[in-house]
Amino acid sequence: MKKILVVDDEQSILTLLKYNLEQNGFQVYTADNGVDALDIARSLKPQAIVLDLMLPKKDGIEVAKELRQDKINIPILMLTAKDDELDKIIGLEIGADDYMTKPFSPREVVARIKAILRRVDLESISNKESADIITVGDLEIHTLTYSVYLRGKKLDLTPREYELLMYLTDHIGHVLSRHQLLNGVWNFDFDGDTRIVDVHISKLREKIEQDSRRPKYIQTVRGFGYKLEVPGK
């Protein structure tokens, strides 16, 4: 039974999400503040976290940031208020995998969690890969261990960054629109909000490019999207 941590300071939301997730076969833990959320995440290592941004003691951004600093790459679904535009972007930049705005449907939260878990499930990912190691320039993607190396040094990618890199690799040399990337990597169109793609491309570039301002791997095709290229070809 997969463990899910739900963090929100509103008891009604905790109760609602706990019930719906348990009805779908998950083991659910709850916390109503950021400090308790960090303690539970570090000790229990849940498979995913539903994390509200506005929390007492430590807010959701601080919680996500500390988890990523501790190299704990648990997928995070962030909950935000409708007008917290800046907080959404900051949350994605520090490693959140997905976000939803309040009010939300608990069924959609469950669907998003299931989609996240499918993306990071080792069996489902390994079944779609035919090679143990994929080489792109100086990058080595080890598909059985879901790890990426640049000139022999292991990179610290989040599950979503790994999935984004794999999707680009599956379509190497092809220009992909932001909507194609949303549908292929996130499985949602986010009501046309493609900035989530740009944020994750930027974070991925910082990790795989020698100079992220002059990328050699992930090229921007202005007015359309992105493509992955082998440097020097």
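Residues numbered from 1 in each chain as written. Predicted model: local features only at pLDDT ≥ 70, side-chain atom pairs only at ≥ 80, totals over all residues. Heavy atoms only, no water.

1. Some thoughts on the overall build of the chain
Stated formally: Numbering goes from the N terminus for both helices and strands, where a helix is a DSSP run of H or I of at least four residues and a strand is a run of E of at least two. The contact rule is simple, with two residues in contact once any of their heavy atoms fall within 4.5 Å.
Regarding its fold elements, the chain presents nine helices and twelve strands. Residue pairs in contact within the chain that sit at least 24 positions apart in sequence constitute 55% of those at least 6 positions apart.

2. Examining the packing of helix α2 (residues 34–44) against helix α3 (residues 60–69)
How we decide: Axes here refer to lines fitted to C-alpha atoms; in helices the fit is confined to the stretch in contact. Angles between the N-to-C directions go from 0 to 180 degrees. Any angle that is under 35 degrees is reported as roughly parallel, and any over 145 degrees as roughly antiparallel; angles of 65 to 115 degrees are reported as roughly perpendicular and all others as oblique. Helix crossings fall into two classes, left-handed where the near helix is turned counterclockwise from the far one by less than a right angle and right-handed where it is turned clockwise.
For the pair α2 and α3, interaxial distance at closest approach is 9 Å and the crossing angle is 30 degrees. Comparing the axis directions of α2 and α3 gives the class roughly parallel. In terms of crossing hand, the pair formed by α2 and α3 is right-handed. Contact with α2, carried on its side by G34, L38, A41 and R42, involves V63, E66 and L67 of α3 and no other residues of that element.

3. Details of the UniProt feature "modified residue: 4-aspartylphosphate" (unreviewed entry) in the chain
The criterion, for reference: UniProt positions are given in the numbering used here, feature names are shortened, and annotations may be inferred rather than shown by experiment. Per-residue accessibility, obtained with a 1.4 Å probe over protein chains only, is compared with the maximum for each type, and a residue is labelled buried under 20%, exposed over 50%, and partly exposed between these values.
With numbering matched to this structure, UniProt assigns "modified residue: 4-aspartylphosphate" (unreviewed entry) to D52. Assignment of secondary structure puts D52 in strand β3 (residues 48–52). On the basis of relative accessible area, D52 is assigned to the buried category, the value being 3%.

4. Digging into helix α5 (residues 106–120)
Our working definition: To estimate the expected span of a helix, subtract one from its residue number and multiply by 1.5 Å.
Here α5 contains 15 residues, and its C-alpha end-to-end distance of 21 Å stays within 8% of the 21 Å for a straight helix at 1.5 Å per residue. Every buried residue of α5 is listed here: P106, V109, V110, R112, I113, A115, I116, L117 and R119.

5. Examining the pairing of β3
Going by this rule: At least two DSSP bridges between two strands are required for those strands to pair. Seen with its strands pointing away from the viewer, a crossover is right-handed if its path from the first strand over the helix to the second goes clockwise.
When you tally the buried positions in β3, you get five out of five residues, the bulk of the element. Neither face of β3 is left uncovered, since the one carrying A48, V50 and D52 and the one carrying I49 and L51 both have all their residues buried. With four bridges connecting them, strand β1 (residues 3–7) and β3 associate as parallel partners. Paired with V6 across the bridge in β3 is V50. The sheet contact formed by β3 and strand β4 (residues 76–80) spans four bridges and is parallel. Bridge pairing in β4 links L51 to M78. In this fold, β3 hands off to α3, which returns the chain to β4; that crossover is right-handed.

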